[in-house]
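# A closer look at the structure
This is what each chain is made of:
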Amino acid sequence: MKANFEPLYVAYLVYFNRDRDYFECHEVLEELWLEKQREPVYQGLLQIAVALFHFRNGTVNHMYNKIDGAVKMMKSSYRKLLPYQHHALGINMEKLMADVQQYIEQLEHYQEQPFDFYDLNIEITDPLLQNEVDQAYQTIQPNLPMRLGYERGPKSKEL
C-alpha cells in the first residue's frame, strides 16, 4: 500500500532529518507551499528550517544578528503550526512544537546563556510516510556540502 504524500514533502523530511541541509529544506518546501496556495502548515515547517539555517550559519554583527533572525522565524513557525499540533502530515507535530518552543526560549536567553547549535528531528508517526522517506533515502543523494545559493524558485531566476 502506498500513501500519497507529496514528493517535495518527503524530500523535505530527508533533507531535514538525514542531511541537516536546512537551506535545501527551505527550497523544496517553498516550492510545495507555493503549489498548495501558501498553506500555512508548509510555511511553518519551512520556517523551522530557515530558523535553524540562520542560527547555524549566521553571524552576529551590526548588519545582521543570527539570533534575532532565528527567533523571528521560530516564533512565526510556531504560530503557523499551532492549528496543526496533533500528528498532522504523518509527523509528531506536538513534539515538534514543543521542540520549537524550547528552541525559542533558549534563543531568547542566548545573550545570558549562549549554547551551541543543535539539530532538531522531525519524528515520523505514519508508517506509510516512513516507508516513503526510507525509499527516498535511496534515491535522493545527500547534499554534501550544503547548498549555499538558490537553485529553485523565483529567487534562482534573479541570479
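Residues numbered from 1 in each chain as written. Predicted model: local features only at pLDDT ≥ 70, side-chain atom pairs only at ≥ 80, totals over all residues. Heavy atoms only, no water.

Going by the annotation in an unreviewed UniProt entry, the name recorded for the protein chain is DUF309 domain-containing protein, with Paenibacillus nicotianae given as the source organism.

## Comments concerning the overall build of the protein chain
Stated formally: Helix numbering and strand numbering both begin at the N terminus, where a helix is a DSSP run of H or I of at least 4 residues and a strand a DSSP run of E of at least 2. Three labels apply to residues, based on accessible area from a 1.4 Å probe with only protein chains included: buried if under 20% of the type maximum, exposed if over 50%, partly exposed otherwise in between. By definition in these notes, contact holds between two residues if any of their heavy atoms fall within 4.5 Å.
Counting its secondary structure elements, the protein chain contains 7 helices and 0 strands. Ordered by position from the N terminus, the helices and strands of the protein chain form the series α-α-α-α-α-α-α. Within the protein chain, buried positions represent 46% of all 159 residues. In the protein chain, 69% of the contacts between residues at least 6 apart in sequence involve partners at least 24 apart.

## Here's the deal with helix α4 (residues 66-81)
Threshold: A helix is expected to span 1.5 Å multiplied by its residue count minus one.
Its 16 residues give α4 an end-to-end C-alpha distance of 22 Å, which sits within 8% of 22 Å, the value for a rise of 1.5 Å per residue. Along α4, the residues classified as buried are K66, I67, G69, A70, V71, M73, M74, S76, S77 and L81. Against the buried residues of α4 lie α3 (40-57) and α5 (93-108).

## Re the packing of aromatic side chains
Convention followed: We call Phe, Tyr and Trp rings a pair once their centres come within 6.5 Å, taking the six-membered ring for Trp, and we label the pair stacked below 30 degrees between planes, edge-to-face above 60, and tilted otherwise.
Scanning the entire structure with this criterion turns up 14 aromatic pairs. Judged by centre distance (5.6 Å) and plane angle (40°), the ring pair of Y12 and F16 falls under tilted. Placement of both Y12 and F16 in helix α1 (residues 7-19) is noted, with a separation of 4 residues, approximately one turn of the helix. Residue Y12 shares its accessibility class with F16, and that shared class is buried.

## Focus on the pattern of salt bridges
The test is simple: By salt bridge we mean one thing: a side-chain nitrogen of Lys or Arg within 4 Å of a carboxyl oxygen of Asp or Glu.
According to the stated counting rule, one finds 5 salt bridges in the structure shown. Across the salt bridge formed by K75 and E108, the nearest N and O atoms sit 2.6 Å from each other. Here E108 lies in helix α5 and K75 lies in helix α4, a separation of 33 residues in the sequence. Judged by its relative accessible area of 33%, K75 is partly exposed. The partly exposed category is assigned to E108, whose relative accessible area is 39%. Linking D99 and K95 is a salt bridge whose minimum nitrogen-to-oxygen distance equals 2.9 Å. Here K95 and D99 lie together in helix α5, a separation of 4 residues that amounts to about one turn.

## Focus: the packing of α1 against helix α6 (residues 127-139)
Basically, it comes down to this: Comment: axis = line fitted to C-alpha atoms, over the contacting stretch for helices; angle = value between 0 and 180 degrees taken between N-to-C directions. We call two directions roughly parallel when the angle between them is under 35 degrees, roughly antiparallel when it is over 145, roughly perpendicular when it lies between 65 and 115, and oblique otherwise. All residues other than Ala, Val, Leu, Ile, Met, Phe, Trp, Tyr, Cys, Pro, Asp, Glu, Lys and Arg, Gly among them, are scored as polar; the first ten of these are nonpolar and the last four charged.
For the pair α1 and α6, interaxial distance at closest approach is 9 Å and the crossing angle is 70°. In terms of their interaxial angle, α1 and α6 are classed as roughly perpendicular. Of the residues in α6, those touching α1 at Y9, V10, L13, V14, N17 and R18 are L129, E132, V133, A136 and Y137. Residues that form the contact of α1 with α6 fall into these classes: 8 nonpolar, 1 polar and 2 charged.

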